[in-house]
Amino acid sequence: MPTPESNTPRHDAIFGNLGTAMVTPFTSAGEVDYDQAAALATKLVDEGCDNLVVTGTTGETSTLTDEENVGMFRTVVEAVGDRAKIIAGSTTNDTAHSIQLSQAAAKVGVHGLLVTAPYYNKPSQAGVQAHVETLASCTDLPVMVYDIPGRTGISISTETLIRLAEHPNVVALKDAKADYQATTRVLANTDLDVYSGDDGLTLPLMAAGAQGVISVTAHVATARYRRLVDALLAGDLATARALHFELDPIQRAVMSHIQGAVAAKTVLKWQGVLSNAIVRLPLVEPTEEETAPIRADLAEAGIKL
């Protein structure tokens, strides 16, 4: 059973405290741009990230080939793997396929696996548990379970998460369920390192004992998120609260108007970090009408483009 001390956010958490769910850059021809990926990873770590999720949802994993996924894992490990934990978005709704991709990720040196509930299939909770445990057993890597019902169509129940926490390789949870009471029960009944998967819930979740956040918005405001996380690690609630409000319009810009990967790539292009904002179908680049509120939110935050 966790103790109050074990639920205190720690600087030595296995995956660190601040992560970005990286976009996957593409060339003008629509191919994966590994050079831009390496440069982006380096920038994010230079500005304060201590973990990166590679080819997760925001990395458009569902439209990448296995070769492209593994190429992204290798690229980011080689670029920053000595300075940050690299977590591979190596799982799909096909358990057997996910085993193959996870084992390939392990071979190129990633530090952990991100495992979602199977999307589209809608298995029972017993099926979810068997899927996660099978993947957690297919390598020696630590596993971060990702609960994001808005993407997968199903939640991972609190009871299932408590049972999964008994697996020796299941060490963390990325929580994007937006159910504070459910997350509180996980924190109270497991030793999992919990990470906010909702950018705007970083403060309340860390106040309850979460270790940090894995953010999409951190693409465009990495240093501010680093200050927020560090303030919470230090117990400086006043500073954390001020940063929480400071980050709110940036979070709205990236997460409220259009799909997150599309928004993040668009803002990174405006900032000159990426050369383009190309995404793969079925995602499309935004219209001027769609980008207008994004620009307005960023202007509110004092970000000039």
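Just so it is clear, the model here is predicted, and its values are computed rather than measured.

The rules behind these values
Residues numbered from 1 in each chain as written. Predicted model: local features only at pLDDT ≥ 70, side-chain atom pairs only at ≥ 80, totals over all residues. Heavy atoms only, no water. UniProt positions renumbered as here; feature names shortened; annotations may be inferred. Helix = DSSP H or I, 4+ residues; strand = E, 2+ residues; numbered from the N terminus. Contact = heavy atoms within 4.5 Å. Buried < 20%, exposed > 50% of the residue type's maximum accessible area, 1.4 Å probe, protein only. Arc of directions from axis to C-beta. Pairing = 2+ DSSP bridges. Axes fitted to C-alpha atoms, helices over the stretch in contact; angles between N-to-C directions. Left-handed = near helix turned anticlockwise from the far one by under 90°. Nonpolar A, V, L, I, M, F, W, Y, C, P; charged D, E, K, R; others polar.

**Quick notes on the UniProt feature "site: Part of a proton relay during catalysis" (unreviewed entry) in the chain**
- Under the local residue numbering, the UniProt record ascribes the feature "site: Part of a proton relay during catalysis" (unreviewed entry) to Thr57 and Tyr120. Sequence-wise these annotated residues cover 64 residues; spatially they are packed, their C-alpha atoms never more than 14.4 Å apart.
- Checked against the element boundaries, Thr57 lands in the loop between strand S2 (51-54) and helix H2 (66-80).
- With near-sequence residues (within four places) excluded, Tyr120 lies in contact with Asn93 and Thr152.

**Considering helix H7 (residues 180-189)**
- Taken residue by residue, H7 has Ala182, Thr183, Val186 and Leu187 as its buried positions. Buried residues of H7, seen end-on, are gathered within an arc of 140° and therefore sit on one face of the element.
- The inward-facing, buried residues of H7 contact helix H6 (158-164), strand S6 (170-175), strand S7 (193-196) and helix H8 (202-207).

**Things to note about the sheet that holds strand S1 (residues 18-21)**
- Within the closed barrel, the 8 strands sit side by side as S1-S2-S3-S4-S5-S6-S7-S8. Their pairing is parallel. Neighbour to neighbour, the strand axes of the sheet diverge by 25° on average, direction disregarded.
- Running over the sheet, H2 touches S2 and strand S3 (85-88) and is turned about 165° from S2.

**Some remarks on the packing of helix H11 (residues 260-270) against helix H12 (residues 288-300)**
- Two numbers describe how H11 lies on H12: the axes approach to 12 Å, and their chain directions differ by 60°. Relative to H12, H11 is oriented so that their crossing is right-handed. Between H11 and H12, the residues in contact are Ala263, Thr266, Val267 and Trp270 and Thr291, Ile294, Arg295 and Leu298, respectively.
- Considering only residue class, the contact of H11 with H12 consists of 5 nonpolar, 2 polar and 1 charged.

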